[in-house]
Amino acid sequence: MIDQRALPHTFEIFRAETSDEIAFAIKDMVVRGAPSIGAAAAYGVAISIINAEPLDQATNKILQTRPTAGDLFFAVRNVSEMIEAGMDPDMAANQYVDTIVEQCRAIGEVGAELIPDGGNVLTHCNAGALATVDHGTALAPIRAAAEAGKELFGFVDETRPRLQGTRLTAWELANEEIPHAIIADSAAGYYISRGEVDLVIVGADRICENGDFANKIGTYTKAVLAKTHEIPFYVAAPASTFDFDLKSGADIPIEERDPKEVLFVGEYRLAPEGAEALNPSFDVTPASLVTGIITDKGIISPDEIDPDELRMY
Ligand code: MRU
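Description of the structure in this document. (Residues numbered from 1 in each chain as written. Predicted model: local features only at pLDDT ≥ 70, side-chain atom pairs only at ≥ 80, totals over all residues. Heavy atoms only, no water.)

**Details of the packing of aromatic side chains**
Reasoning step 1: Summed over all chains, the structure comprises 8 aromatic pairs.
Reasoning step 2: On the basis of an interplanar angle of 25° and a centroid distance of 6.1 Å, the ring pair of Phe-14 and Phe-24 is categorised as stacked. Note that Phe-14 is positioned in the segment before α1 (19-27) and Phe-24 in helix α1, a separation of 10 residues in sequence.
Reasoning step 3: By relative accessible area, which is 17% here, Phe-14 ends up buried.
Reasoning step 4: Residue class for Phe-24 comes out partly exposed when judged on its relative accessible area of 42%.
Reasoning step 5: Plain terms: the ring middles of Tyr-190 and Tyr-191 are 4.9 Å apart, the flat faces sit at 80° to each other, and that makes the pair edge-to-face.
Reasoning step 6: Relative accessible area serves as the criterion here: at 45%, Tyr-190 is assigned to the partly exposed category.
Reasoning step 7: Judged by relative accessible area, Tyr-191 falls into the partly exposed class, the value being 23%.
Reasoning step 8: Put simply, the rings of Phe-153, Phe-155, Tyr-190 and Tyr-191 pair up and form one aromatic cluster. (Phe/Tyr/Trp six-rings, centres within 6.5 Å; stacked < 30°, edge-to-face > 60°. Helix = DSSP H or I, 4+ residues; strand = E, 2+ residues; numbered from the N terminus. Buried < 20%, exposed > 50% of the residue type's maximum accessible area, 1.4 Å probe, protein only.)

**Structural notes on the sheet that holds strand β8 (residues 242-243)**
Reasoning step 1: Taken in spatial order, the 4 strands of this open sheet run β8-β5-β6-β11, and their pairing is mixed. Where the open sheet ends on each side, the last strands, each with one partner, are β8 and β11 (282-285).
Reasoning step 2: Relative to strand β6 (residues 213-216), strand β5 (residues 206-208) runs antiparallel, the two being bridged by 2 bridges. By the bridge assignment for β6, Arg-206 is matched with Ala-214. (Pairing = 2+ DSSP bridges.)

**Overview of the pattern of salt bridges**
Reasoning step 1: Enumeration over the complete set of coordinates arrives at 18 salt bridges.
Reasoning step 2: A salt bridge links Arg-194 to Glu-196, with the shortest nitrogen-to-oxygen separation between them at 2.7 Å.
Reasoning step 3: Ionic pairing is found between Arg-257 and Glu-255, a salt bridge with its closest N-O pair at 2.7 Å.
Reasoning step 4: A residue is classified by how much of its surface remains accessible, and Glu-255, at 5% relative accessible area, is buried.
Reasoning step 5: One salt-bridge network, held together by shared partners, links Arg-66, Arg-162, Glu-255, Arg-257 and Glu-261. (Salt bridge = Lys/Arg side-chain N within 4 Å of Asp/Glu carboxyl O.)

Written out as structure tokens, the structure reads:
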């Protein structure tokens, strides 16, 4: 897998050959973004069987890495079921990943129609190819619209504290020569209030039955801004991110990460010695602030979520 900790300055491949190494890669954010985490977990299950590791131990280790990303739990369950049904482990993991990649491609096609020619789109965190194996969720429509020849501009939230916007989204957009600018997270209100943003598109880590969803910390603020200034706010996700066992956002476990991520930038300590920090990694945006959910099957409103429609296979 691409080591996302090293980007954008170094392109390195991280090799994981045991379920322990997969669990480490997910926890340490070598791989990140809910669908990519799910893909890594899918291969983790396959690897543990191929290596004849004790399966329960391996899956438990993988499941304990990141509590908010719904795809992690979905992937482990899904791939385990396929293997139990007699499929080869590597085929099961490949089929899982091919399915989410195809869904992300379709999300791009569906979502591109929302972006007007000359449009300005704001996105938060990184919901691009890095986060989904290919295409992206929030970035897929931006990519597809640009490929279709539309002129567009991306406002990229820097996304403190891990800076996924600055490091990863800007890297993806620069690679594809899509015009964009990184903005401080606190600058989004400035641009939105001036009418310079036409729409917001974000990804999701987990979407509940009622349409409430968790995404990178700071997403909720963007949804409130969009509502206040009457611009559309879309969330894009493959089926693996929906969790129909959760009734509402209050049920989503929110990952708390090391306060060091806030106190430091990389190895450099910004905060004075003795200062403390809080570091929730995700927040919950209520369905009432969501204009629509971009899925591979079309754009639906939160009250149209239908488990039968969104089944993976
Ligand atoms: O902590 P991260 O970088 O894994 O968080 C990622 C996000 O919040 C993404 O927006 C989300 O997983 C959707 S990715 C298609």
